[in-house]
Amino acid sequence: MEMERGREAFEAAGEADLAVEARDEADLSADAILDLMLTVLSDGLDHPEIWGAVPGFLDALPDLVGTIQQRLDHEGGSETRAALLILLAMCGGATGDPGLMAERLEPLAADFSQSPLVHGAIFHLRGLADPDNPKYRLAGKICPNPFVQLDVLARASYLCCSNFLNTSVGNMSSRSWERVWNSETAQAIRESIHDGSYRYCNKGTCPAIQANGLVPAQEMAGRSEYWREILESAATRLDRGPESVNLAYDPTCNLSCPSCRTAPFAADEKMRTRFEALQERAILPLLKGAKTVFVTGSGDPFASKNFRRLMEQLTPEEYPELRFQIMTNGMLFTPRQWGNFPALHGRVKILKISLDAATGPTHELLRRGARWPVMLENMAFAGDLRARGQIDHLEFVFTVQTDNYCEMGDAIDLAKSFGADSVFFARMTNWGTFSADEYAAKAVFLAEHPDHADFLHRMQDPRLRDPIALLGDLSAFVAAQRQAA
């Protein structure tokens, strides 16, 4: 409650006048103001209302910077220390070079790779350094995902990929999908889209934000009467269920890729029974109103007994409007497996194959348990399905890290040889697989990485300018290299 009151106080008081009003009305010291800011930041979310108020604080509280530095000298807790470093960088950005301050915060991006607070602060500073770049202006733009998408994990649900928006809106194992879909947290996330703060979002990894792909609200309102009503009323509670449902509750997989897990995993009988109950009670009814089902971002759909059973049940007779997005590591995507699932035939909107390499040695290193000759055969089969119209779109997914960034351009050539429509490149996320130091060693896209300059050079490969290359959260590195040149 104190944290919420603090955030409301920052929003209500405005930006430049906030510190003056707070001090005049309550005689607050720099220590007291700093305590209030730390209380608000303790939720781990982004807080543009604080970042915008920093210049006013500095005018009213000349000793604020010194107070922050004193706290840093005695603060051992990593999260509070990170918040103090962010506030110090914001003060530096308000009075000096915001781009330099953003670079100084970059090490925190490895320690807190999924933090909306850390990445939001860096995003704000980079926006100050590049004020003419429209991607940094989020107010008045709409991300549709929290209004149309529900990702279902084993013990949590999300309104977007949890890599980009990692606040759960509820647990569908214990609550109905309707209560999860319109939970208080779900409505708060939608409110953050309406107000332009996007405080729950990881602004550093979201491909739509990084690629300036958010839609102006006026344009979105013109797409349908439903969207017009949502935007005119700033609706957060929705009458319709999700259009797109991502099923990611079963992590069963035939591979054990180092970027995803430390060991192989297969659901045991107890887990399969629980997943089956979830599917019968909640998933099958939920999908009656959906347009797309995504199977799966958690493992491999053809390795999971539960997902195999579900794909058999989602027949065109029972679900005539439903289309599939299938994501697989490709090792089990054979003609025989395809033949076992007639419900997929002619109904696959997108087939995604995780690749992460363009050569056999790199692929087998990063996709532990995979065999490159088998992958080549199965990718050729996927290309044949695409050519025959059995799937609408074929996409290879390439997660960029130290071990494979040199093969990004070659991956484009490989994809074209199989008739793929796109290659989606994205930064590697730390899903708890690595320590902070291990992740930093893998994260070649971070400025302090020893190979970062070479990474920037590789990003200028003309093959990455091909229309089939989807750069998402890597788009900014192209611009950064051009500016440096």
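Provided above is the structure to which this section pertains.
Just so we're clear, the structure is a prediction, and the values are computed from it rather than from any experiment.

(A) Main features of the overall build of the protein. Broken down by element type, the protein carries 23 helices and 11 strands. Taken over the C-alpha trace, the protein has a radius of gyration of 24 Å; the compact-globule value for 485 residues is 23 Å, and the two agree within 12%. Looking at the protein as a whole, 53% of its 485 residues qualify as buried. Taking as baseline every contact in the protein between residues at least 6 positions apart, the subset at least 24 positions apart corresponds to 70%. When the accessible surface of the protein is split by element, carbon and sulfur atoms take 50% of a total near 20700 Å². The protein carries 47 positive and 66 negative side-chain charges, and their two centres are separated by 8 Å.

(B) Just helix H11 (residues 184–194), in detail. Taken as a whole, H11 has its buried residues at Ala186, Ile189, Arg190, Ser192 and Ile193. Mapping the buried residues of H11 onto a view down its axis gives an arc of 155 degrees, with all of them on the same face. Buried residues in H11 make contact with strand E1 (141–142), helix H9 (145–148) and helix H10 (177–181). The first or second residue beyond H11 is Gly196, which carries a positive phi of 80 degrees.

(C) Structural detail: the state of the cysteines. In this structure the tally under the stated criterion is zero disulfides. No disulfide involves Cys161; its nearest neighbouring cysteine sulfur is the one of Cys160, lying 6.2 Å away. Residue class for Cys161 comes out partly exposed when judged on its relative accessible area of 27%. Sulfur of Cys257: no disulfide; nearest cysteine sulfur belongs to Cys253 and is 6.1 Å away.

(D) Molecular detail of the pairing of strand E6 (residues 292–295). Burial of E6 is two-sided: the residues Thr292 and Phe294 facing one way and the residues Val293 and Val295 facing the other way are all buried. Pairing of strand E5 (residues 244–247) with E6, which is carried by four bridges, proceeds in the parallel orientation. Bridged to Leu247 within E6 is Val295. With helix H15 (residues 269–287) bridging E5 and its parallel neighbour E6, the resulting β-α-β unit is right-handed. By the bridge criterion, four bridges tie E6 to strand E7 (residues 323–328) in an arrangement that is parallel. Residue pairing in the sheet places Thr292 in a bridge with Arg323 of E7. The β-α-β motif built from E6, the intervening helix H16 (residues 305–313) and the parallel element E7 has right-handed crossover chirality.

(E) A look at the nonpolar core. Grouped together as the largest cluster of nonpolar side chains are 150 residues, with contacts concentrated most on Met172, Leu247, Phe396, Phe425 and Phe455. Apart from residues no more than four positions distant in its own chain, Leu247 is found in contact with Val152, Ile283, Val293, Phe294, Val295, Thr296, Gly297, Phe307 and Leu310.

(F) Summary view of the pattern of salt bridges. For the structure shown, the criterion picks out 22 salt bridges. Between Asp384 and Arg388 there is a salt bridge; the shortest N-O distance is 2.9 Å. Taken together, the shared-partner salt bridges in this structure form one network comprising Asp410, Asp413, Asp461 and Arg463.

(G) Inspection of the pairing of strand E8 (residues 348–354) at higher detail. Within E8, six of the seven residues are buried, which leaves the element mostly enclosed by the surrounding structure. The sheet contact formed by E7 and E8 spans five bridges and is parallel. Counted as the bridge partner of Met327 is Lys352 from E8. In the sheet, E8 pairs with strand E9 (residues 394–400) via four bridges, with the strands oriented parallel. Note on E9: the bridge partner recorded for Leu351 is Leu394.

(H) Region of interest: the environment of Arg272. Within the secondary structure, Arg272 sits in helix H15. When the C-alpha atoms of Arg272 and Ser304 are compared, they prove to be 9.1 Å apart, with 32 residues separating the residues in sequence. Apart from residues lying up to four places away in sequence, Arg272 is in contact with Ala267, Lys305 and Asn306.

(I) Region of interest: the environment of Ile50. Inspection of the secondary structure puts Ile50 in helix H4 (residues 48–60). We classify Ile50 as buried; its relative accessible area is 0%.

(J) Inspection of unusual backbone geometry at higher detail. Here the bond from Val295 into Thr296 is cis, since omega is 0 degrees, no more than 30 degrees from zero. Mapped onto the secondary structure, Thr296 falls in the loop between E6 and H16. The backbone of Asn212 shows a phi angle near 55 degrees, a positive value even though the residue is not glycine.

Rules used in this analysis
- Residues numbered from 1 in each chain as written.
- Predicted model: local features only at pLDDT ≥ 70, side-chain atom pairs only at ≥ 80, totals over all residues.
- Heavy atoms only, no water.
- Helix = DSSP H or I, 4+ residues; strand = E, 2+ residues; numbered from the N terminus.
- Rg over C-alpha atoms; globule rule 2.2 N^0.38 Å.
- Buried < 20%, exposed > 50% of the residue type's maximum accessible area, 1.4 Å probe, protein only.
- Contact = heavy atoms within 4.5 Å.
- Areas by Shrake-Rupley, 256 points an atom, 1.4 Å probe, with all protein chains shown as cover.
- Lys, Arg positive; Asp, Glu negative; His and termini not counted.
- Charge placed at Lys NZ, Arg CZ, Asp CG, Glu CD.
- Arc of directions from axis to C-beta.
- Disulfide = S-S within 2.5 Å.
- Pairing = 2+ DSSP bridges.
- Right-handed = clockwise from strand over helix to strand, strands pointing away.
- Core = buried A, V, L, I, M, F, W, Y, C linked by side-chain atoms within 4.5 Å.
- Salt bridge = Lys/Arg side-chain N within 4 Å of Asp/Glu carboxyl O.

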